[in-house]
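The lines below spell out each chain.
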Amino acid sequence: MKTLLVYHYHFRPGGVRSVIERGLIEWCFQGVWDRVVLVCGEAPPPAWTAALAGRLPGVRLEISANSQLGYLSEQKSGSVTRPGLRRIIGDLTEEFQPNLIWAHNLSLGRNLLAGLALGQICVEKQVRMLCHDHDWWLQHRWERWEEMRAWGFATLAEVANASFPTGPLFRHVVVHPQDAALLGEAVTWVANPVPRADEMVVPPAEQVRAQELLGRLRYWLVPARVLRRKNLLEAVLLQRLLAPEVTTLLVAGPASPAEEAYARAVVAGAGKMGLEVRLGVSPDLGLSVPGLMEGAEVVLQTSVQEGFGLTALEASQQGKPLILRRLPLVTAWLEQMGGVFRHAYDQLKLPASCLPSEELGRWEQTWRTRCAFLPAAWRSLAEATGAADFSHFAGLSLAGQLQVMENFPALESGFRQANPWLEAWRTNAWQPATAPKCPADWPQQMEQVWDHPPTAAGTSLVHLEELFRAHLKDAACWPLLW
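**Structural notes on the pattern of salt bridges**
Side chains that differ in sign of charge can pair as their charged atoms come close. This structure, assessed with the given rule, holds 23 salt bridges. In this structure, Glu 412 engages Arg 416 in a salt bridge whose closest nitrogen and oxygen atoms are separated by 2.8 Å. Of the two residues, Glu 412 and Arg 416 both sit in helix H18 (residues 408-418), four residues apart, roughly one turn of that helix. Connected through salt bridges with shared partners, the residues Arg 12, Glu 42 and Glu 74 form a single ionic network.

**Side note on the state of the cysteines**
Following the criterion strictly, the structure yields zero disulfides and no others. You can see Cys 40 has no disulfide; the closest cysteine sulfur is in Cys 28, sitting 17 Å from it. With relative accessibility at 0%, the residue Cys 40 sits in the buried group. There is no disulfide at Cys 122, and the cysteine sulfur nearest it, in Cys 131, is 8.0 Å away.

**Here's the deal with the sheet that holds strand S9 (residues 247-250)**
Strands sit in the order S10-S9-S8-S11-S12-S13 across an open sheet of six strands; the sheet is parallel. Both edges of this open sheet fall to strand S10 (277-279) and strand S13 (343-345), since each of them pairs with a single strand only. Neighbour to neighbour, the strand axes of the sheet diverge by 20° on average, direction disregarded. Judged from the two bridges that link them, strand S8 (residues 219-222) and strand S11 (residues 298-301) form a sheet pairing that is parallel.

**Remarks on the environment of Gln 126**
Topologically, Gln 126 is positioned in the loop between helix H4 (112-125) and strand S5 (128-133). Take Gln 126: its relative accessible area is 57%, and that puts it in the exposed class. Considering only alpha carbons, one finds Gln 126 and Ala 399, 273 residues apart in sequence, at a separation of 50 Å. Non-local contacts of Gln 126, meaning those with residues more than four positions away in its chain, are made with Ile 121 and Leu 169. Separated by 2.9 Å, the side chain of Gln 126 and the backbone oxygen of Val 123 make a polar contact.

**As for the sheet that holds strand S4 (residues 100-104)**
Strand order in the open sheet formed by seven strands is S3-S2-S1-S4-S5-S6-S7, and the pairing between neighbours is parallel. This sheet does not close on itself; its edge strands, each paired only once, are strand S3 (60-65) and strand S7 (188-189). Of the strand pairs in this sheet, S5 and strand S6 (residues 170-174) are connected by five bridges, and their pairing is parallel. Bridged to Met 129 within S6 is Phe 170. Here helix H2 (residues 46-54) sits on the sheet and contacts strand S2 (35-40) and S3; the angle it forms with S3, its principal contact strand, is near 150°.

**Description of helix H21 (residues 460-475)**
Here H21 contains 16 residues, and its C-alpha end-to-end distance of 22 Å stays within 8% of the 22 Å for a straight helix at 1.5 Å per residue. Of all the residues in H21, the buried ones are Ser 460, His 463, Leu 464, Leu 467, Phe 468, Ala 470, His 471, Leu 472 and Ala 475. Where H21 is buried, its residues contact helix H6 (156-163), helix H7 (177-183), helix H15 (359-372) and helix H16 (376-383).

**Brief notes about the nonpolar core**
One recurring pattern in soluble globular proteins: nonpolar side chains tend to sit buried together. Ranked by size, the top nonpolar core spans 107 residues in total, and within it Trp 142 and Phe 415 carry the most contacts. When neighbours within four sequence positions are excluded, Phe 415 is seen to be in contact with Leu 237, Leu 241, Leu 348, Lys 349, Leu 350, Pro 351, Cys 354, Phe 393, Val 404 and Leu 422.

**Section: the packing of helix H9 (residues 232-242) against H18**
Here H9 crosses H18 at 80°, and the two axes come no closer than 11 Å. In terms of orientation, H9 and H18 fall into the roughly perpendicular class. Taken together, the residues of H18 that come into contact with H9 (itself represented by Leu 237, Arg 240 and Leu 241) are Phe 408, Glu 412, Phe 415 and Arg 416. Across the contact of H9 with H18, the residue classes tally to four nonpolar, no polar and three charged.

**So, the environment of Leu 411**
By secondary structure assignment, the location of Leu 411 is in helix H18. If we ignore the near neighbours within four places in the chain, the residues touching Leu 411 are Ser 353, Cys 354 and Val 404.

**Thoughts on unusual backbone geometry**
Positive phi outside glycine occurs at Gln 97, with the angle close to 50°. One can find Gln 97 in the loop between helix H3 (82-96) and S4. At Asn 105, a residue that is not glycine, the phi angle is positive and equals roughly 60°. As for its position among the elements, Asn 105 is in the loop between S4 and H4. The class for Asn 105 is buried, based on a relative accessible area of 2%.

Reading the values: the criteria
- Residues numbered from 1 in each chain as written.
- Predicted model: local features only at pLDDT ≥ 70, side-chain atom pairs only at ≥ 80, totals over all residues.
- Heavy atoms only, no water.
- Salt bridge = Lys/Arg side-chain N within 4 Å of Asp/Glu carboxyl O.
- Helix = DSSP H or I, 4+ residues; strand = E, 2+ residues; numbered from the N terminus.
- Disulfide = S-S within 2.5 Å.
- Buried < 20%, exposed > 50% of the residue type's maximum accessible area, 1.4 Å probe, protein only.
- Pairing = 2+ DSSP bridges.
- Axes fitted to C-alpha atoms, helices over the stretch in contact; angles between N-to-C directions.
- Contact = heavy atoms within 4.5 Å.
- Polar contact = N/O pair within 3.5 Å; in protein donor to acceptor, adjacent residues only side chain to side chain.
- Expected span 1.5 Å × (residues − 1).
- Core = buried A, V, L, I, M, F, W, Y, C linked by side-chain atoms within 4.5 Å.
- Parallel < 35°, antiparallel > 145°, perpendicular 65-115°, else oblique.
- Nonpolar A, V, L, I, M, F, W, Y, C, P; charged D, E, K, R; others polar.

In structure tokens, the structure reads:
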């Protein structure tokens, strides 16, 4: 029985889960796998599991959940040990005998003990591992270093080996073309699998349910988790500038303490301007993203970071108007594939009169604190960086964004003068986005990754240092992410 073992910390709604779900459907449709085992720190929602199993005909889908495989930050100190995780992962490989382990986001460093054990067990049992690197802990997540040290990782070399394993049995796939440009032959860029046309079709029963629950509600939709990198207050501010009479719906609700704090800030920011924001509408109402998207007047993606631009793909496939904040390489790639986004913008410019007076001092103090999180070898490089950019709303801290929203009545005219495109959008009819024509050979690309030479053993730290130096240039520009 040809078995694929898929490891991720969790299967909460989000981009990684979407990649896994769509990837499995594409891969299994080719008849490559007989059995798929999802290994994680918490059992995925039963409804999602059942729906996925229904789309993998002829494939046996199994779940193996163990809390010790989840985020270490959610474990009690000392409750997880290196020998214990080696035993757990060794038992899993013995039980399921995988032909390949597809490991997601070891690069994020949320459970280095699991990453270390996976790499060691693969070498011992000669199992291949395909590492799918969606995000990096060294990109705006410097606080992870303290967590890593608390769990017994004393050096950057140890961290690198656990989060970026190298050698003949390992290959790395990255989702962002920028990472491939930086790391060269050490990784392979494979664009994420795109939504299939049938995924975006809303069943009649769900259409009826959506009509019953949402009725004649006018709403704009943000199909995102409650993450700071989604820059959600900018979405709310745009709605206030363009259509203050509608409601903003956010698909997901908070799924962690950090997300809960940001969720409160988003609701508070909207309230300061007299707007309503409803979070977690997908699970609360039992409606899918396509089901919610179908009734939305406008879809928004205002992120400061995205690996792929999934929202742009989904909205354009449904022919919805999309407000899209342009992102380096990501938006350009979608446009090169034929995507047309008529309501794309670069920045929501911030007139000098709108800049909170405390923001520079807040930035300087917080940047020093952020640099202190770093290992000593990298700290001096970061401290020498000074790249604050307060020329646009996304460049403010969360506190600064909330201040702007609190003073919105006095600042509104300045925003409109600095961003004349707002008036053109507001007074003209909303135009639907055109879907890009993305490559349809994702399974073949994943199989061909093994034709590439392996990342040289012992080079993990070299590659992480390359990424750190490259991303340091804009690290100081996004206090929202701190």
